[in-house]
Amino acid sequence: MVRGIVIRVGIILLLAAGSVAATGANAPLNFTRDVKPILARRCFACHGASKHEGGLRLDNAESAVAALDSGEHAIVPGDVEQSALIARVTTADEAERMPPEGKPLASQEVETLKRWIKSGAAYQKHWAFVPPERHAPPDVKNKLWVVNPIDAFVLAKLEQAGFEPAAAADKRTLARRAYFGVTGLPPTNEQLQAFLDDSAPEAWPRLVDTLLASPHFGEQWARHWLDLVRFAETNSFERDGLKPNAWRYRDYVIRSLNEDKPYDQFIREQLAGDELEKITNDSMIATAYYRLGTWDDEPADPQQARYDEFDDILSTTGQAFLGLTIGCARCHDHKIDPLTQSDYYGLLAFFADVTPYADTSERDPMRFSQWDMSTPEERARRAALRKKADDIRAESRAIEEVGVQRMSAADQEVARTPDRTALLQNKLERHLNVSEWTQYQEINKRLAAALEEIKNQPPPDSALALAMCEPHPQPTHILMRGSAHAPGDVVEPHFPAIFGDAIPKIPAAAADARSAGRRRVLAEWITSPRNMLTARVMVNRVWQHYFGRGLVRSTNNFGELGTPPTHPELLDFLALWLVDHNWQLKPLHRLILTSNTYQMSSTANERALAADPTNDLLWRFDPRRLSAEELHDATLVATGQFNPKMFGPGFYPTLSKEVLATQSRPGDGWGQSPSDEQARRSVYMHLKRSLLPPLLTAFDFPDVDATCEARFVTTQPGQALAMLHSEFFNEQAAKLAARTTAAAGRDPQAQVAQAIRFALNRPATKDEVAAGLELMDRLTKQHNLKPENALRYWCLTVLNLNEFVYLD
């Protein structure tokens with residue numbers, strides 16, 4: 001009944017070959033939807049913008065029809081027989097067949113290329129690189145099914161294909177779907193019954209409004225955002241040190257979503273919260289976006305590591321906000337999209353004032369990455385103390401350089417590495433005269449005293465943030481092949497050429513400026529209503545998390561190698577709708593949730609399933625498995641242990657000694673939280689990059705080192721083993737048994753039924769009661785278990801039912 005939602009390779013092949021949602025045998029071809037994905041995936045690597053083997057370039061019309069080195073023409077518009085491209089992709093000679101690696105083109109792909117050439121081989125600009133167009137909702141035959149514009153766009157395609165939408169889901173199914181989709185938690189039996197008893201026509205919109213107003217909305221949707229920005233609370237690499245106060249960023253996201261902060265403001269605060277006209281603690285906390293990535297505190301090549309940090313920021317920004325894989329242009333022009341290396345470094349130049357997470361010589365993030373949220377007077381006092389220490393440190397460094405310059409060339413090289421401290425301890429004295437050495441020791445005593453004075457100050461109320469910038473950064477160079485040691489031409493901050501925007505004029509920062517002022521320019525450009533990607537990318541993400549996939553399945557890649565939209569007019573409609581509604585997301589959620597498209601059942605239709613197995617036409621609602629966090633949290637709700645406490649530092653789930661032993665220093669940096677704290681929502685779970693809880697990773701919790709557009713949805717043995725044998729699920733089964741006994745007493749039949757009601761929000765069936773009684777009877781009589789232990793195993797069984805783990 002339930003299938004995996006994302007099987008990426010299979011989906012891409014189906015989409016490229018042409019599904020019902022895209023083309024039928026007689027439907028008109030669309031170049032960007034039907035043809036270009038084939039060329040991009042199978043041809044552009046050798047015959048694209050940066051590589052033209054055999055003189056063939058297929059990424060633009062003029063080059064595609066030009067004569068090849070051989071004198072032939074790969075494409076002759078209107079003439080399939082004379083087009084060498086078709087001959088090369090269909091030949092039986094493996095030495096001649098294209099592409100030279102991988103499987104030959106599928107028959108449907110070849111047929112698509114033939115139809116395209118026969119129809120004139122027309123090229124069109126990639127759909128995502130054209131501004132959204134306003135589309136009126138189309139006319140449909142079944143007007144009664146349309147309750148809002150979403151339904152009109154969906155139904156029009158269904159009617160065109162000769163399909164009908166699935167019937168509406170029953171109220172219980174719909175309520176559970178919405179509770180999990182909006183809040184990530186199941187309804188209580190009382191909440192569900194209240195909705196079932198409400199027969200008013202406005203019962204469903206009223207429930208939607210209630211859920212969108214719930215504080216749990218922000219917790220659920222923050223988790224989706226945290227996947228995108230690779231949120232974790234440690235640095236990775238061997239030491240995997242703590243990022244102090246990273247949890248404040250998580251809380252900022254939850255608050256912002258609950259308050260329905262306009263999405264454009266949400267972006268501006270994260271990219272330039274320290275450069276806005278009104279700087280607040282919240283806008284500063286938002287800049288922790290720049291500090292969430294991995295950080296190597298002892299890099300072998302510090303200069304290259306620095307540009308790796310920049311690349312992490314730029315790649316995440318490009319994918320999360322724009323749906324562009326701009327990182328692919330770091331070492332050379334993008335192989336697929338019209339993005340040049342100059343575009344990459346032009347965008348990187350906007351981030352040039354972003355300091356490293358910490359100085360690798362100190363490994364202390366306080367100066368660069370901890371924002372003091374104290375009163376202005378307290379901040380000024382601490383700043384003065386830090387400046388005093390920095391000035392003394394500069395004096396010390398100046399004398400050190402005198403000694404270093406007297407050392408051998410080899411030692412001078414060592415002085416520029418993390419081994420500098422050991423070198424100075426061993427050799428500096430012998431390269432300074434007596435006066436210099438005496439002065440150096442006195443300076444270091446003053447420095448120690450200044451640092452001690454800072455240490456003795458009351459600890460500030462701090463937040464992870466972009467606490468210090470470089471307001472006058474060095475020029476940005478194109479790096480040849482991406483090497484920090486091979487600088488090329490200087491580039492100024494500019495936007496990718498495909499957007500057609502002028503190079504911004506950014507004045508040099510004032511002498512006393514805190515930052516360069518460039519990131520605000522970038523943020524304003526990204527959030528401009530004229531930006532052709534920002535709104536599209538965000539509405540697609542909201543759609544993705546309600547329907548299991550976006551209208552564009554490759555939600556981080558709207559480029560030419562991404563999957564084309566199944567409903568391009570609907571995507572444009574929603575993008576412009578978001579901008580028209582002040583970029584506020586809750587109205588968009590409401591529009592989707594109140595559509596009949598969302599309210600369809602998951603019932604399969606054999607004809608539709610055969611013709612459109614990936615449900616591109618949206619002829620039904622795809623069932624889905626709960627996410628790792630939803631499963632964890634739903635279990636706590638079912639057992640009555642759930643702690644709704646919001647915000648604050650995260651909790652540490654109990655991990656076995658075997659799991660802790662996987663660290664280089666077992667257990668280092670892992671705390672112990674009381675049981676009531678461990679019963680909080682999993683969004684508040686402490687995330688240590690080197691020690692992700694196995695219960696989460698078993699259910700496809702993402703790699704937190706890079707942006708995650710969509711989680712894998714797997715079915716594998718480790719999941720069943722975790723749910724049957726893990727300490728967490730066995731403890732929760734015991735809690736459910738105790739809750740069941742308290743509610744139902746000692747009668748086994750009542751206990752069996754009550755456990756079902758607590759876990760599944762419905763009465764037990766006769767067959768379920770019979771199965772539960774038979775299991776408990778066998779456990780007590782054949783295995784000599786006490787009745788309470790037999791009940792525990794029944795509760796464990798209930799928590800392992802598909803109905804608990806999956807949603808229709």
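Keep in mind the model is a prediction, meaning the values are calculated, not measured.

What counts, and at which threshold
- Residues numbered from 1 in each chain as written.
- Predicted model: local features only at pLDDT ≥ 70, side-chain atom pairs only at ≥ 80, totals over all residues.
- Heavy atoms only, no water.
- Helix = DSSP H or I, 4+ residues; strand = E, 2+ residues; numbered from the N terminus.
- Rg over C-alpha atoms; globule rule 2.2 N^0.38 Å.
- Buried < 20%, exposed > 50% of the residue type's maximum accessible area, 1.4 Å probe, protein only.
- Contact = heavy atoms within 4.5 Å.
- Areas by Shrake-Rupley, 256 points an atom, 1.4 Å probe, with all protein chains shown as cover.
- Lys, Arg positive; Asp, Glu negative; His and termini not counted.
- Charge placed at Lys NZ, Arg CZ, Asp CG, Glu CD.
- Domains from an automatic or database assignment.
- Salt bridge = Lys/Arg side-chain N within 4 Å of Asp/Glu carboxyl O.
- Polar contact = N/O pair within 3.5 Å; in protein donor to acceptor, adjacent residues only side chain to side chain.
- Nonpolar A, V, L, I, M, F, W, Y, C, P; charged D, E, K, R; others polar.
- Core = buried A, V, L, I, M, F, W, Y, C linked by side-chain atoms within 4.5 Å.
- Axes fitted to C-alpha atoms, helices over the stretch in contact; angles between N-to-C directions.
- Left-handed = near helix turned anticlockwise from the far one by under 90°.
- Arc of directions from axis to C-beta.
- Disulfide = S-S within 2.5 Å.
- Phe/Tyr/Trp six-rings, centres within 6.5 Å; stacked < 30°, edge-to-face > 60°.
- Lys NZ or Arg CZ within 6 Å of the ring centre and 35° of its normal.
- Parallel < 35°, antiparallel > 145°, perpendicular 65-115°, else oblique.
- Expected span 1.5 Å × (residues − 1).
- pLDDT = per-residue confidence, 0-100.

1. Topic: the overall build of the protein
No. 1: Looking only at helices and strands, the protein features 37 helices and six strands.
No. 2: A globule of 808 residues ought to have a C-alpha radius of gyration of about 28 Å, and the protein, at 30 Å, matches this closely.
No. 3: C-alpha extents for the protein along the principal axes are approximately 95 × 85 × 50 Å.
No. 4: The 808 residues of the protein split such that 54% are buried.
No. 5: A separation of at least 24 residues holds for 71% of the contacts in the protein among residues at least 6 apart in sequence.
No. 6: Looking at the protein as shown, the accessible area adds up to about 35,500 Å², and 54% of this sits on carbon and sulfur atoms.
No. 7: The protein carries 91 positive and 106 negative side-chain charges, and their two centres are separated by 3 Å.

2. Points about the domain arrangement of the protein
No. 1: Under the domain assignment, the protein is made up of domain 1 (2-124), domain 2 (143-213 + 564-611), domain 3 (262-372 + 468-526), domain 4 (376-460), domain 5 (624-712) and domain 6 (725-807).
No. 2: Facing the five residues of domain 1 at the interface are six residues of domain 2.
No. 3: Joining domain 1 to domain 2, the criterion identifies zero salt bridges.
No. 4: On inspection of domain 1 and its partner domain 2, the count reaches zero residue pairs in polar contact (both at pLDDT 80 or more).
No. 5: Grouping the amino acids of the side of domain 1 that touches domain 2 by side-chain chemistry returns three nonpolar, one polar and one charged.

3. Brief notes about the nonpolar core
Nonpolar side chains in soluble globular proteins tend to end up buried together.
No. 1: One finds Trp225, Tyr249 and Leu574 to be the most contacted residues of the largest nonpolar core, which totals 175 residues.
No. 2: Those residues in contact with tryptophan 225, other than ones at most four positions away along the chain, are Tyr249, Val253, Tyr263, Phe266, Gln270, Phe321 and Met538.
No. 3: Counting 25 residues, the second-largest nonpolar core is a separate cluster that includes Leu56, Leu58, Leu85 and Val89.

4. Describing the pattern of salt bridges
For side chains bearing opposite charge, pairing can occur when the charged atoms are close.
No. 1: Scanning all chains against the criterion turns up 59 salt bridges.
No. 2: Taking the shortest distance from any N to any O, the salt bridge between lysine 36 and glutamate 560 comes out at 3.0 Å. With lysine 36 in helix H2 (residues 31-42) and glutamate 560 in the loop between helix H23 (534-547) and helix H24 (568-580), this residue pair connects regions lying 524 residues apart in the sequence. Glutamate 560 carries the same exposure label as lysine 36, and that label is buried.
No. 3: Between arginine 711 and glutamate 629 there is a salt bridge whose closest N-O contact spans 2.7 Å. Residue arginine 711 is found in the loop between helix H31 (694-698) and helix H32 (717-725), and its partner glutamate 629 is found in helix H28 (residues 628-639); the two are separated by 82 residues along the sequence.
No. 4: The exposure class assigned to arginine 711 is buried, which follows from its relative accessible area of 17%.
No. 5: The buried category is assigned to glutamate 629, whose relative accessible area is 6%.
No. 6: Through salt bridges with shared partners, one network takes in Asp274, Glu275, Asp353, Arg514 and Arg519.

5. Describing the packing of helix H34 (residues 748-760) against helix H36 (residues 787-799)
No. 1: In the contact formed by H34 and H36, the axes pass within 10 Å of each other and the chain directions differ by 35°. H34 and H36 meet at a crossing whose hand is right-handed. For the pair formed by H34 and H36, the contact residues are Gln751, Val752, Ala755, Ile756 and Ala759 on the first element and Leu791, Trp794, Cys795 and Val798 on the second.
No. 2: Grouping the amino acids of the contact of H34 with H36 by side-chain chemistry returns eight nonpolar, one polar and no charged.

6. Notes on the side chain of glutamate 309
No. 1: Relative to the helices and strands, glutamate 309 is located in helix H15 (residues 302-322).
No. 2: The class for glutamate 309 is buried, based on a relative accessible area of 16%.

7. Thoughts on the environment of valine 659
No. 1: Locating valine 659 in the fold gives a position in helix H29 (residues 657-660).
No. 2: Expressed as a C-alpha distance, the spacing of valine 659 and proline 694, which sit 35 residues apart in the sequence, is 8.0 Å.
No. 3: Those residues in contact with valine 659 that lie beyond four places of it in its chain are Leu691 and Pro694.

8. Examining helix H9 (residues 189-197)
No. 1: Taken together, the buried positions of H9 are occupied by Asn189, Leu192 and Phe195. The buried side chains of H9 occupy one side of the element, clustering within an arc of 130° when seen end-on. Along H9, exposed side chains directed more than 90 degrees from the buried face belong to Glu190 and Asp197.
No. 2: For H9, the elements touching its buried residues are helix H8 (171-183), helix H10 (203-212) and H34.

9. What about the state of the cysteines?
No. 1: One pass over the full model with this rule turns up zero disulfides.
No. 2: In this model cysteine 328 remains outside any disulfide bridge; the closest cysteine sulfur is found in cysteine 331, 9.8 Å from its own.
No. 3: Accessibility expressed as a relative area gives 40% for cysteine 328, which makes it partly exposed.

10. Looking at the packing of aromatic side chains
No. 1: Counted under the stated rule, the structure contains 34 aromatic pairs.
No. 2: Relative to tyrosine 249, the ring of phenylalanine 231 lies with its centre 6.3 Å away and its plane at 20°, an arrangement referred to as stacked. Taken as a pair, phenylalanine 231 in the loop between helix H11 (215-228) and helix H12 (247-258) and tyrosine 249 in helix H12 lie far apart in primary sequence, 18 residues in all. Summarising the burial analysis for this pair, phenylalanine 231 and tyrosine 249 share the class buried.
No. 3: Here a set of aromatic residues connected by ring pairs shows up, and it is made of Trp225, Phe231, Tyr249, Tyr252, Tyr263, Phe266, Tyr289, Tyr290, Phe321, Phe351 and Trp583.
No. 4: Over the ring of tyrosine 684 we find arginine 680; its NZ or CZ atom is 4.4 Å from the centre of that ring.

11. A short note on the packing of H8 against H11
No. 1: The contact between H8 and H11 brings their axes to 6 Å, and the two run at 70°. It follows that H8 is roughly perpendicular to H11 by the angle criterion. Contacts from Phe180, Gly181, Val182 and Thr183 of H8 reach H11 at His216, Phe217, Gln220 and Trp221.

12. Let's talk about the environment of leucine 636
No. 1: As for its position among the elements, leucine 636 is in helix H28.
No. 2: A sequence separation of 100 residues divides leucine 636 from leucine 736, and the C-alpha atoms of the two residues are 9.1 Å apart.
No. 3: Ignoring sequence-local partners within four residues, the contact set of leucine 636 consists of Gln641, Phe642, Gln678, Ala679, Arg680, Phe728 and Gln732.

13. Some thoughts on the side chain of arginine 711
No. 1: Side-chain polar atoms of arginine 711 contact the side chain of aspartate 227, separated by 2.8 Å.
No. 2: Of note is the side chain of arginine 711, whose polar atom sits 2.7 Å from the side chain of glutamate 629.

14. A few points about H24
No. 1: Between its terminal C-alpha atoms H24 stretches 18 Å, which fits the 18 Å expected from 13 residues at 1.5 Å a residue.
No. 2: Counting buried positions over the 13 residues of H24 gives 10, a clear majority of the element.
No. 3: For H24, the complete set of buried residues consists of Leu570, Leu571, Asp572, Phe573, Leu574, Ala575, Leu576, Trp577, Leu578 and Val579.
No. 4: As for H24, its buried residues are in contact with helix H7 (149-161), H23 and helix H25 (585-593).
No. 5: Backbone geometry just after H24 places asparagine 582 at a positive phi near 60°.

15. Focus: the confidence of the model for the protein
No. 1: Per-chain confidence: the protein averages 92 in pLDDT, with 97% of residues scoring 70 or above.
No. 2: Counting contacts from residues 1-24, a segment whose pLDDT is below 50, to residues more than four positions away or on other chains yields 59 contacts.

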